[in-house]
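Architecture at a glance
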Amino acid sequence: MNEISAKHAVLLSAFVLSGCFGSSDSQNNNDPNTGGGGKPIKPTDPTPPTVPDLIPSLLFTSPVDNNTYFINKDIEIKWAELPVTGYLELDINGTEKVQLLSPYEHVWRPNNTGQYILNAKYYSSENALIAEGKIELTIVPANEEVITVNSNLHKIVDVQLGESLTLTAESSVPLGQVDFLFNGQTIKTFMNEPYTMEWVPTDVRQNNFTIQATPGHVDLPIVLPEPSVIRSFLPETIAFCNEKAKPWVVGTQYHIGDHVKHNNRYFIAEKTNAFEPTMDPSQFNPWSHISCANMAWLTKPSVNVLARGGRFNSGDELPILVYIRPSVDPSVEIIEVQVKRNNKVIKVLPNVEDQQYMHTFVAEKVSFPEYPKDIITVSARNNLNQENEVEVEIFGNHSPKHEFKIEQAGSTYPTYSSTSPILFSSLVMDIENKVEKIEYYINDELYDYMDSSENVQPIETEKIIMQVELSPGTYRIRAVAIDGDLGTSEVRKIISVR
């Protein structure tokens, strides 16, 4: 190995980044993968994600927003489905605060009349605020005159795709305006009677149906009906439920665990009985009402995808762990699992046995200054043609732009003289302003490096000149720019020294 003289000088000549890209680091540090304006967070080992995605809003399924309730009567407070790992904080008018864990339910009995605001915030297990929402209620005396609005729907309604469902609101007095809402979004507004419409489901999903109304010429508080849960399914699933359930017959004795269909609703016997199935919530009710989704267990297979967080560089291997939970019912099977990358199928598992696997993706290089993002979609389908799908976003990393030159007065690349200093020259540009150091290797051994440890900010746009003296021989030279996400940009050259 040829001898290297350890003599060098580092010269910096800063360029103004805003002249090239329009703003400074302090103006563009909104990256969610950075720690609030400091150095970026490094990628971590593959572990299950603990912070769920942001939820657009926290949806109350009970009570109804802007509804009227009577004093000293229990009000059941519930929310749409939330992850089980976090917790929920409920604030009632700033005077009563409750912290709830899954299943996030609370019974509140108001002991005063007036207006109440219910604020709720959902936090992850790491105390990160994920979603929040609020509703307003009116509490009136038990003997107060009110306008009562009724709905034609039961608390849980199962309907197959393509089947028409009638939605109706009724009132003893004309109303000023009536709104039908699905999951908090208005789908129909009525200014006059009749308040009715036909709705046909087009996809498999669950809708929380609520009614909002304002009084007409009679200025009285309005009592609205409780929400209805409308679940829509494919005909195959409805047929499966029908096959599992026995029809209810007067006088027949049913045993614990029997599935029964009555008035197009499904029930499970909780004790031996001959009573008519009912949705009465009384503790003496021997029947448990279930939806077709709960009865089938598997209308949507369980799919979990675990991926490493952070940024990924060109050529990095990215393991994706995929778990598919089969049905507890042997008559229903998962028949296909698909994995897509940016909507292109890259993996198909065609049989029920292959329900857990690890797939390794290779990150792709993108041109500077584009910002890479992959969307990985995993879906599972069963023999009822029901499908569940999850998405994972995987962010790539900018590779710093790195122009590297080797120069010597009186010589030209790739031949130089050992009698004069040789200059390594790097021009580094990074649109994210995160380059932390430049390393120089000679014959695969680290010769020296320049870092940003003495700077307030990471290197933005710098011209770095390093002076070296080399004895005669052939040298492999590498210049590597490294950013805070371990993104690298490497230039290699081979030179001869006489």
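Residues numbered from 1 in each chain as written. Predicted model: local features only at pLDDT ≥ 70, side-chain atom pairs only at ≥ 80, totals over all residues. Heavy atoms only, no water.

**Considerations on the overall build of the chain**
Each helix and strand in the chain was counted, giving 3 helices and 39 strands. Looking at the 498 residues of the chain, the share that counts as buried comes to 42%. Intrachain contacts of the chain at a sequence separation of at least 6 include 63% that bridge at least 24 residues. By element, 49% of the accessible surface of the chain is carried by carbon and sulfur atoms, the whole surface being about 26300 Å². (Helix = DSSP H or I, 4+ residues; strand = E, 2+ residues; numbered from the N terminus. Buried < 20%, exposed > 50% of the residue type's maximum accessible area, 1.4 Å probe, protein only. Contact = heavy atoms within 4.5 Å. Areas by Shrake-Rupley, 256 points an atom, 1.4 Å probe, with all protein chains shown as cover.)

**Some remarks on the confidence of the model for the chain**
Scored by pLDDT, the chain has a mean of 74; 68% of the residues are at 70 or more. Ranking the helices and strands of the chain by mean pLDDT puts strand β16 (residues 195–199) first, with 94, and helix α1 (residues 17–21) last, with 24. Confidence drops under pLDDT 50 across residues 1–55; counting only partners more than four residues distant or on other chains, this segment forms 116 contacts. Long-range and interchain partners of residues 365–369, a stretch whose pLDDT sits below 50, account for 10 contacts in this model, where long-range means more than four residues apart. (pLDDT = per-residue confidence, 0-100.)

**Quick word on unusual backbone geometry**
Most peptide bonds take the trans configuration, and most residues that are not glycine carry a negative phi. Cis peptide bonds are those with omega within 30 degrees of zero, and the linkage from Ser-62 to Pro-63 qualifies with -5°. For Pro-63, the location among the structural elements is in the loop between β3 (60–62) and β4 (67–70). In this structure, the amide linkage connecting Ser-102 to the following residue, Pro-103, adopts the cis form with an omega of 15°. Mapping Pro-103 onto the fold places it in the loop between β7 (96–100) and β8 (105–108). Look at Asn-443: it is not a glycine, yet its phi comes out positive at around 55°. Within the secondary structure, Asn-443 is located in the loop between β35 (435–442) and β36 (445–451).

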